[in-house]
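If you want the building blocks of each chain, they are given just below.
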Number of protein chains: 2
Amino acid sequence: MSAKEVSFPRDLPRKSEFSEWYSEVLWRAEIVDTRYPVKGVCVWYPFGFKLRNLIYGILRSLLDESGHQEALFPLLIPRSELLKEEKHIKGFEGEVFWVTRGGFEELEMPLALRPTSETAIYPMFNLWIRSHRDLPIRIYQIVNVFRYETKHTRPLIRVREITSFKEAHTAHATREDAERQVRTAVEIYKQFFERLAVPFVVTKRPDWDKFPGAEYTIAFDTLMPDGRTMQIATIHMLGENFSRTFDITFEDADGTRKFVQQTCYGISERCVAAVIAIHGDDHGLVLPPEVAPVQVVVVPILFSKASTAQTTQTHSQSSQGSSSEQSISAKEQEASDAESTNKRVLEVSRSVCEALKSAGIRVVLDDSEERPGAKFYKWEMRGVPLRIEIGPRDLQAERCVLVKRNDFQRIAVNIERVVPVVRETLSQIHAEMREKAWRKFAERMHIVRASGAEEDGETVLQEMSARVSEGGGIFSVFICDSEDCGRRVKETAGVSVLGEPCEEQNEIAKCIICSKDCSRKYVAKAY
Amino acid sequence: MSAKEVSFPRDLPRKSEFSEWYSEVLWRAEIVDTRYPVKGVCVWYPFGFKLRNLIYGILRSLLDESGHQEALFPLLIPRSELLKEEKHIKGFEGEVFWVTRGGFEELEMPLALRPTSETAIYPMFNLWIRSHRDLPIRIYQIVNVFRYETKHTRPLIRVREITSFKEAHTAHATREDAERQVRTAVEIYKQFFERLAVPFVVTKRPDWDKFPGAEYTIAFDTLMPDGRTMQIATIHMLGENFSRTFDITFEDADGTRKFVQQTCYGISERCVAAVIAIHGDDHGLVLPPEVAPVQVVVVPILFSKASTAQTTQTHSQSSQGSSSEQSISAKEQEASDAESTNKRVLEVSRSVCEALKSAGIRVVLDDSEERPGAKFYKWEMRGVPLRIEIGPRDLQAERCVLVKRNDFQRIAVNIERVVPVVRETLSQIHAEMREKAWRKFAERMHIVRASGAEEDGETVLQEMSARVSEGGGIFSVFICDSEDCGRRVKETAGVSVLGEPCEEQNEIAKCIICSKDCSRKYVAKAY
């Protein structure tokens, strides 16, 4: 019996072909399957869903620790409620899925699949909030929401069923408290993306590009390998826009009735897409240890069964004759030595596995029949941060070899020391991944000089345009707040205005389009 | 300043008025709010959602430990897929919600909101399963599913959006392995309901009442306080019904292609309804400690602020005169003693709280300004298994008093011993709740004697009919497998056939309707 011939896909496109790489790695690493028979929706494989749950676990704990409570509101929103906030519905009416039939009957009132839940939640805030003692309210839910996307869809990035929308909604007695909540939300999201080692810029979106119904919108954007930015989180100051529409009032301490001040903020499975896209390499995923469904894989390196089996077979055939007894028994000895070594390698592998498991590390022992090379390939594809190899020669030296997924560095470790060294190495991997991601991010941040005259503006646009096609990135450039200039810069240089950077000292110079005085904005070719 | 006047609702209906009690307790205990503006859908309050999550946490861990993997499949099912399995669609076509419009466009293919996910999952099984080495597959998801209910809806029991449907789907190489999976699922569900202290019977549903597309259906039913049964779990042997429809085949070890053998099994938020309905009492919820969002509430019993404040006030007024210095300073002394005692009571309460928290117990310190009576009322309503009272007199004795929610028994405990005693008492509460629930369940199991002749059958029906209106319960009675006899017993005695009890020795006697030989079945007035 020969060792099973392993076939596995070897042809993952290079990461430099980002779009192809991304589509391929999603199913090869068993994150999502796009072959479901409805356009723009995906199936989460168990491995992908574990990754998703670990990522959202971080988000949940950050929210719970900062006074948020998880709740759950219905999927179906009556048309009448959705229509209430005029700006809001304008932003969504073209992209809502409508339920119009139940069984064999037409519904009297069409029901929207929530595109986001303001209009589902705020009728309940109207009932729940009576007094200033009921405030602040900070709730969140993690749910599926729907957009009737007509653009090209892309798994986890632009989809029709967003399966994992975390949306938080808060209500406050005062404007100041709501503003403070906006800052808290920014802090929570910063911590979240830091733990994913995902770099970002935080900007205030231009007024003409804010969330429908918001006073202003703050957004997190990251930079994808193809040089385009992807919005990965938004935070909206709603002020009284919705509380006036849904009549959400409270009696203040002084006995007066007031409208509550509201905020909301959301993150979708784009956070998973960002982790995959930013850290992955030509071999597949590279996952930050904290969210890796498998943190360590132990691969025993065994003498191949084929050779030991063959030896045995040769022996049993030739033992009918009696010619070269000496050499046969040497081969026999060799085979039996190999087998007992294999046994011991497996024993040690299992005990290393157990030790790591007891230490709370998510570890898998791959004692399948596949060849080591096939195993390496499989677990590298899935981004397992650390591989531990244990072979016959390691036995004698009482050591094993750690191989880091992020840089393939090999570290020989005494078996006794494996738990603390694995722990250390995992946190080192996080630090290295973070450092590398931010470095690459910084390399593609382009500070464009201020322009003094109209001609300068033209030059800036041409230069940006050239750079966008050369590899993209984020440009810090002087452009004013007007929608017209935003449209012009999109038409001429192919970049969108992300917004004004938050928390930075901002100079004033001339808009590269209209020459009015303005502050710096980030612009980029965006997803 | 007088102590804040607390208003709270005191008028929870008696549990004996079950239907009213149930509707009221759901919002008073902040489980779900039914005032959402769509018929038959509910909002989960944060407290209710925590309870839901703790209950589903048990289910998740039981499934994970027995080789199931969590995944996630889309909500929207194309009409063409749903129509594929003829019996299946017949069972659901009258109760499916249809999405027919996206934005301003009519969809080419209407999309169903999943009523259950066979037809969403099995097209993927078709793609995923190639060889016997891919089997068995055991996956599950916890999702929202939809039924266009035309009957009277009731929160968590009969709803249009089932928010928390746990559905498992498995595929196997052999019939035997699938049958084994059915038995495993029964075992998992038994353990699940035991941990919720929810009693049940397990029956094989009559063939005419099985799941659409199943070969047979096994169901768990519990008994509600109004004497009616509620189905709380189902397990379906699908055989090859779906694998033939969706062409799910594998290459067996011998090289032949075969259809996979399938099972599926589900549990909805009715498990939460059962916990609420079965254990609750006239004071509100009584929650099994393992799933109680708050397991212990610590209530410090303080000298009222009103009296100490008044004393101080009296003093500051009269100190302008100088008549009765002696008596003033006595009162002053009294007030300051009260304050320092309050301080110490609070200190001890906090440290008890901390000790319990460190021991992993979900504890809340209620140091709000409300009166103790109002606090007791609130936490009793929410079913907190244990209250700890700490008052001035307890300080001297270095003790506190535990009050058990399930029987209001009071236990004085030395402060030093509070953690182990709380632990013990919580597990004692579970045992007592379980014992009580099963005892009440057994009291309402009626074994109906075998009938020898037609007239006997009539008498049995009349007796059952009388008993059903007197308080209901489950009747063990001889009735055959035919749908006609099932319909007759429903018409005459108002009871439905649940099915043949699983895992019991079964006698044979005459059907009370048609006098054919048959085995015992359970029948009951069902939800």
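On a predicted model such as this, the values are computed, not experimentally measured, just so you know. (Residues numbered from 1 in each chain as written. Chains lettered and ligands numbered in written order. Predicted model: local features only at pLDDT ≥ 70, side-chain atom pairs only at ≥ 80, totals over all residues. Heavy atoms only, no water.)

## Focus: the overall build of chain A
Per the secondary structure count, chain A includes 15 helices and 24 strands. Structurally, chain A occupies a C-alpha span of about 105 × 60 × 50 Å along its principal axes. Within chain A, the fraction of its 527 residues that count as buried is 56%. Contacts in chain A between residues far apart in sequence, at least 24 positions, make up 71% of those at least 6 positions apart. Accessible surface, chain A as shown: approximately 22800 Å² in total, 47% of it carbon and sulfur. Computed over 72 positive and 78 negative side-chain charges, the separation of the two mean positions in chain A equals 1 Å. (Helix = DSSP H or I, 4+ residues; strand = E, 2+ residues; numbered from the N terminus. Buried < 20%, exposed > 50% of the residue type's maximum accessible area, 1.4 Å probe, protein only. Contact = heavy atoms within 4.5 Å. Areas by Shrake-Rupley, 256 points an atom, 1.4 Å probe, with all protein chains shown as cover. Lys, Arg positive; Asp, Glu negative; His and termini not counted. Charge placed at Lys NZ, Arg CZ, Asp CG, Glu CD.)

## Some words on the relation of the copies chain B and chain A
Once turned by 180° and shifted 0.0 Å along the axis, chain B lies on chain A with an RMSD of 0.1 Å. Such a combination of rotation and displacement between the chain copies is what one expects of a two-fold axis. Proximity to the rotation axis, assessed at the C-alpha, singles out Val99(B) in chain B; its C-alpha lies 2.1 Å from the axis. Of the residues that chain B buries at the interface, 100% are likewise interface residues in chain A, meaning the two copies contact each other through the same surface. (Least-squares fit on C-alpha atoms with pLDDT ≥ 70 in both.)

## Topic: the packing of aromatic side chains
Per the counting criterion, the structure on display carries 40 aromatic pairs over all chains. With centroids separated by 6.4 Å and ring planes inclined at 80°, the aromatic side chains of Tyr122(A) and Phe246(A) adopt a geometry described as edge-to-face. Here the residue Tyr122(A) occupies a position in helix H5 (residues 118-128), and Phe246(A) occupies one in the loop between helix H7 (241-245) and strand E12 (249-251), the gap between them amounting to 124 residues. In terms of burial, Tyr122(A) and Phe246(A) fall into one category: buried. Of the aromatic side chains, those joined through ring pairs into one cluster are Tyr189(A), Phe192(A), Phe193(A), Phe200(A), Phe220(A), Tyr265(A), Trp438(A) and Phe441(A). Sitting over the face of the ring of Trp21(A), Lys15(A) holds its NZ or CZ atom 5.2 Å from the ring centroid. Note that Arg387(B) overlies the ring of Phe376(B), its terminal NZ or CZ placed 3.7 Å from the centroid. (Phe/Tyr/Trp six-rings, centres within 6.5 Å; stacked < 30°, edge-to-face > 60°. Lys NZ or Arg CZ within 6 Å of the ring centre and 35° of its normal.)

## So, the sheet that holds strand E6 (residues 105-113) of chain B
Ordered in space as E4(A)-E6(A)-E5(A)-E5(B)-E6(B)-E4(B), the 6 strands form an open sheet in which the pairing is antiparallel. Of all strands in the sheet, those with a lone pairing partner are strand E4 (76-78) of chain A together with strand E4 (76-78) of chain B, marking the two edges. Adjacent strand axes in the sheet meet at a mean angle of 45° when their direction is disregarded. As paired elements, strand E5 (residues 97-102) of chain A and strand E6 (residues 105-113) of chain A share 4 bridges and run antiparallel to each other. (Pairing = 2+ DSSP bridges. Axes fitted to C-alpha atoms, helices over the stretch in contact; angles between N-to-C directions.)

## A look at the pairing of strand E14 (residues 261-267) of chain A
Residue and element names in this part refer to chain A. Where burial is concerned, most of E14 is hidden: 7 out of the 7 residues are buried. Of the two faces of E14, the one lined by Gln261, Thr263, Tyr265 and Ile267 and the one lined by Gln262, Cys264 and Gly266 are each fully buried. Looking at chain direction, strand E8 (residues 161-172) and E14 are connected through 7 bridges and run antiparallel. Bridge assignment links Thr170 to a residue of E14, and that residue is Thr263. Sheet topology places strand E11 (residues 229-239) next to E14; 5 bridges connect them, and they run antiparallel. Of the residues in E14, the one forming a bridge with Thr234 is Gly266.

## Description of the pairing of strand E17 (residues 386-390) of chain A
Residue and element names in this part refer to chain A. Along E17, 5 of the 5 residues are buried, which leaves the element largely enclosed by surrounding structure. Side chains Leu386, Ile388 and Ile390 of E17 all project onto a buried face; the interleaved residues Arg387 and Glu389 project onto the opposite face, where all are buried too. In this sheet, E17 lies alongside strand E15 (residues 296-300) in parallel orientation, the contact comprising 5 bridges. Its bridge partner being in E17, Val297 is matched across the sheet by Arg387. Bridge count between E17 and strand E18 (residues 399-404): 4 bridges; the pairing is antiparallel. Along E18, the bridge assignment pairs Arg387 with Val403.

## Observations regarding helix H6 (residues 175-195) of chain A
With 21 residues, H6(A) should cover 30 Å at 1.5 Å per step; its first-to-last C-alpha distance of 31 Å lies within 8% of that length. Count one or two residues on from H6(A) and you reach Ala197(A), which has phi positive near 60°. (Expected span 1.5 Å × (residues − 1).)

## Digging into the sheet that holds strand E19 (residues 410-414) of chain B
Residue and element names in this part refer to chain B. Across the sheet, 5 strands lie side by side as E16-E15-E17-E18-E19; this open sheet has mixed pairing. Either end of the sheet is taken by a strand with one partner, and the two such strands are strand E16 (363-365) and E19. Each strand axis lies, on average, 25° off the axis of its neighbour in the sheet, ignoring direction.

## Details of the interface of chain B and chain A
The interface is formed by 55 residues belonging to chain B together with 55 residues belonging to chain A. Taken together, the two surfaces of chain B and chain A that pack against each other cover about 4800 Å², and 67% of this comes from carbon and sulfur. The interface formed by chain B and chain A contains 0 salt bridges. No other element matches the 6 residues that strand E5 (residues 97-102) of chain B contributes to the side of chain B that touches chain A. Counted by class, the side of chain B that touches chain A contains 33 nonpolar, 9 polar and 13 charged residues. (Buried area = accessible area lost by both parts, 1.4 Å probe. Salt bridge = Lys/Arg side-chain N within 4 Å of Asp/Glu carboxyl O. Nonpolar A, V, L, I, M, F, W, Y, C, P; charged D, E, K, R; others polar.)

## Remarks on the environment of Glu491(B)
As for its placement among the helices and strands, Glu491(B) is situated in helix H15 (residues 483-493). As for Glu491(B) and Pro289(B), which are separated by 202 residues in sequence, their C-alpha atoms are 42 Å apart.

## Quick look at unusual backbone geometry
Cis geometry marks the peptide bond from Leu135(A) to Pro136(A), where omega comes out at -5°. As for its placement among the helices and strands, Pro136(A) is situated in the loop between H5 and strand E7 (137-146). In this structure, Leu156(A) takes a positive phi of about 70° despite not being glycine. Examined against the element boundaries, Leu156(A) turns out to sit in the loop between E7 and E8. The backbone of Ala197(B) sits at a positive phi, close to 60°, despite the residue not being glycine. Within the element layout of this structure, Ala197(B) appears in the loop between helix H6 (175-195) and strand E9 (201-204). Ala197(B) gets classed as buried once you look at its relative accessible area, which sits at 0%.

## Here's the deal with the confidence of the model for chain A
Residue and element names in this part refer to chain A. With 93% of its residues at a pLDDT of 70 or more, chain A shows a mean pLDDT of 92. Below a pLDDT of 50 lies the segment residues 1-8, which in the model reaches 11 contacts outside its immediate sequence neighbourhood of four places, other chains included. Per-residue pLDDT stays below 50 along residues 311-321; that stretch engages in 6 contacts with residues further than four places along the chain or on separate chains. Listed scores for the predicted complex are pTM 0.93 and ipTM 0.93. (pLDDT = per-residue confidence, 0-100.)

## Details of the packing of helix H2 (residues 46-65) of chain B against H6(B)
Residue and element names in this part refer to chain B. Axis separation between H2 and H6 bottoms out at 10 Å; the angle between their running directions is 150°. Relative to H6, H2 is oriented roughly antiparallel. Here H2 runs over H6; the crossing is right-handed. Contact with H2, carried on its side by Ile55, Ile58, Leu59, Leu62 and Leu63, involves Ile188, Tyr189, Gln191, Phe192 and Arg195 of H6 and no other residues of that element. Residue composition of the contact of H2 with H6, by class: 8 nonpolar, 1 polar and 1 charged. (Parallel < 35°, antiparallel > 145°, perpendicular 65-115°, else oblique. Left-handed = near helix turned anticlockwise from the far one by under 90°.)

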